[in-house]
Amino acid sequence: MRIDLNYAWRALTKSWPLFLYGIRMTLAFAIVGTVAGLLIGLVIGAIHALTIDPLDKPLTRVLKKIGHVFTGLYVWVFRGTPMMVQAVFLYYLLKPVVHWSSFTAGMFIISINTGAYMAEIIRSGIQSIDIGQTEAAKSIGMTNTQLMIHIIFPQAIKNTFPSLGNQLIVNIKDSCMLNAIAVTELYFQATSIAGSSMRYIEIYMITACIYLVLTTVATFILNNIERRLSGKKTVALKEMSA
Amino acid sequence: MDIIIQIEHLKKHFGKLEVLNDIDFTIERGKVVTIIGSSGSGKSTLLRCINLLEIPDSGRILYEGKDIMSGHLNVNKYRSKVAMVFQNFNLFNNKNVIDNCMIGQIKVLKRSKEEAKAEALKQLRAVGMEDFAYARSTTLSGGQKQRVAIARALCMNPDVLLFDEPTSALDPEMVGDVLDVMKELAREGMTMAVVTHEMQFAAEVSDFVVFMDKGVIAEQGTPDEIFNHPTQERTKQFLSRYSNR
């Protein structure tokens, strides 16, 4: 076993447009999947974290219980099965109905898959916030929706930001599973290049390095945002603008 | 006698524990009523029932003569009229001082940003926290947080202010600042219901004192009657523990 670094360099200089296309697709899937997954997670996580209030009307109670069952099922199924299986299954299942491309299907699947993980993170984030915050908001007459949006969500997102951001790293890597429905992301491109040249070791070494660069840059950006969220910088900015 | 809140036959239990057992209680406009009693006597639960943070099992709570649990009254609107100050301050951690005071005005009272800001600054000035308007709430000391919490409640222009042991979580040297603010409010004629362990404060500021024991109102009267001439044995026992300290 030996790695031909010269060949690797030549492959990179020759095939870089293909790699670049794959990188762009991988990043698109990772970013869209993470952002859409976060939005799904906020809604599902919030429904999951709803508590039955003694003041609720009977109909509200029933709706909340249905919501709990639905969100529980959703998280159970999408966290409990591999994304690759979900991708192939849903792609072919819904293709006759919605006539979607593998690109659209891939975006949809990575989003709802991420949504299940995000929902769990958001739910635990919501539940970790002191009950006093909720009571204070209620005591001045805020509705449940208002207190969620203005008091609970901002704190839950800030507290769970490291876990939420981690989903971006996961998605950069796990989007490769979408190659199963022929989405032309980085791994799919690597397989094509390697297949035509029969130089698996070199091509996948390059691919691994590219993934590593992408996740490292993403980590760096996330760490920066995290510092901004928790640091005193926000105070200084607000004071200046005041 | 102008009664804002009238409570009739209020009952509340947690599991098997009877926390409130047939409580009758009134809050008069412009008056300060303090509720004293040992821990577990039900005084905080009574206060929390008034703001519906606890839902009574039975009994009625009348606000200006209307039953707040009948379903005809908007609970959120009612709550904004009966603002609460908590033992643990419960300032919104994601907001700075002035935003804490503005959010309720904007979202609940539908005031404009400018109106809300002016009111917030006015109330922060009243509690001596104007200089901290743009500080993050998490950077304040306990006494400062509690004064902001009082300003936040005042910004709703409530009919009644409820205080749930407002000085119990404070360092001793901070207690005075908060009590001074409350005394000033009382002087201005704010209607207040205060659960407290500060007997000196209760004696000085209250128009009416309620002593609770084991879920019932054991004795009630003017500060002079309760503190100087208690008739019930358990009131005497309770007060002697404080005077001996």
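Definitions and cut-offs
- Residues numbered from 1 in each chain as written.
- Chains lettered and ligands numbered in written order.
- Predicted model: local features only at pLDDT ≥ 70, side-chain atom pairs only at ≥ 80, totals over all residues.
- Heavy atoms only, no water.
- Helix = DSSP H or I, 4+ residues; strand = E, 2+ residues; numbered from the N terminus.
- Buried < 20%, exposed > 50% of the residue type's maximum accessible area, 1.4 Å probe, protein only.
- Contact = heavy atoms within 4.5 Å.
- Lys, Arg positive; Asp, Glu negative; His and termini not counted.
- Charge placed at Lys NZ, Arg CZ, Asp CG, Glu CD.
- Buried area = accessible area lost by both parts, 1.4 Å probe.
- Salt bridge = Lys/Arg side-chain N within 4 Å of Asp/Glu carboxyl O.
- Polar contact = N/O pair within 3.5 Å; in protein donor to acceptor, adjacent residues only side chain to side chain.
- Nonpolar A, V, L, I, M, F, W, Y, C, P; charged D, E, K, R; others polar.
- Patch = residues over 30% accessible without salt bridge, like charges linked within 9 Å, V, L, I, M, F, W, Y side chains within 5 Å.
- Areas by Shrake-Rupley, 256 points an atom, 1.4 Å probe, with all protein chains shown as cover.
- Pairing = 2+ DSSP bridges.
- Axes fitted to C-alpha atoms, helices over the stretch in contact; angles between N-to-C directions.

Here we take up the overall build of chain A. If you tally the helices and strands in chain A, you get ten helices and zero strands. In sequence order, the secondary structure elements of chain A are arranged as α-α-α-α-α-α-α-α-α-α. Viewed in the frame of its principal axes, chain A has a C-alpha envelope of about 70 × 55 × 30 Å. In chain A, which comprises 242 residues, the proportion classed as buried is 43%. Considering only intrachain contacts with a sequence separation of at least 6, the fraction spanning at least 24 residues in chain A is 75%. Charged side chains of chain A number 20 positive and 11 negative; the gap between the two group centres comes to 5 Å.

Here we come to the interface of chain B and chain A. Taken together, the contact pairs 29 residues of chain B with 27 residues of chain A. Carbon and sulfur atoms make up 60% of the surface buried where chain B meets chain A, a total of about 2,400 Å² over both sides. Taken as a group, Phe 92, Asn 94 and Arg 136 of chain B account for 24% of the area that chain B buries against chain A, more than any other trio of residues on that side. Counting every contact that joins chain B to chain A gives one salt bridge. The salt bridge partner of Arg 48 of chain B is Glu 135 of chain A, with a shortest N-O separation of 2.6 Å. Between the two partners, chain B and chain A, sit seven residue pairs in polar contact (both at pLDDT 80 or more). Taken together, the elements giving at least two residues each to the side of chain B that touches chain A come down to α2 (75-81), β6 (82-85) and α3 (97-107) of chain B. Tallied by class, the residues present in the side of chain B that touches chain A amount to 13 nonpolar, eight polar and eight charged.

Let's shift gears to a nonpolar patch on the surface. Taken together, the side chains of Val 213, Val 217, Phe 220, Ile 221, Ile 225 and Leu 229 of chain A make up a nonpolar region of the molecular surface, amounting to roughly 530 Å² of accessible area. Accessibility expressed as a relative area gives 57% for Phe 220 of chain A, which makes it exposed.

Residues and elements named next belong to chain B. The strand order across the open sheet built from six strands is β6-β7-β8-β3-β9-β10, with neighbouring strands paired in mixed fashion. Unpaired on one side and paired on the other, β6 and β10 (216-221) mark the two borders of the sheet. If you compare each strand with its neighbour and ignore which way they point, the axes differ by 20° on average. Examined bridge by bridge, strand β3 (residues 32-36) and strand β8 (residues 192-195) share four bridges and lie parallel to one another. Opposite Val 32, over in β8, you have Met 192 as the bridge partner. Helix α5 (residues 142-154) rests against β6 and β7 (160-164) of the sheet, and its axis sits at about 175° to β6. Running over the sheet, helix α9 (residues 233-243) touches β3, β9 (208-213) and β10 and is turned about 100° from β9.

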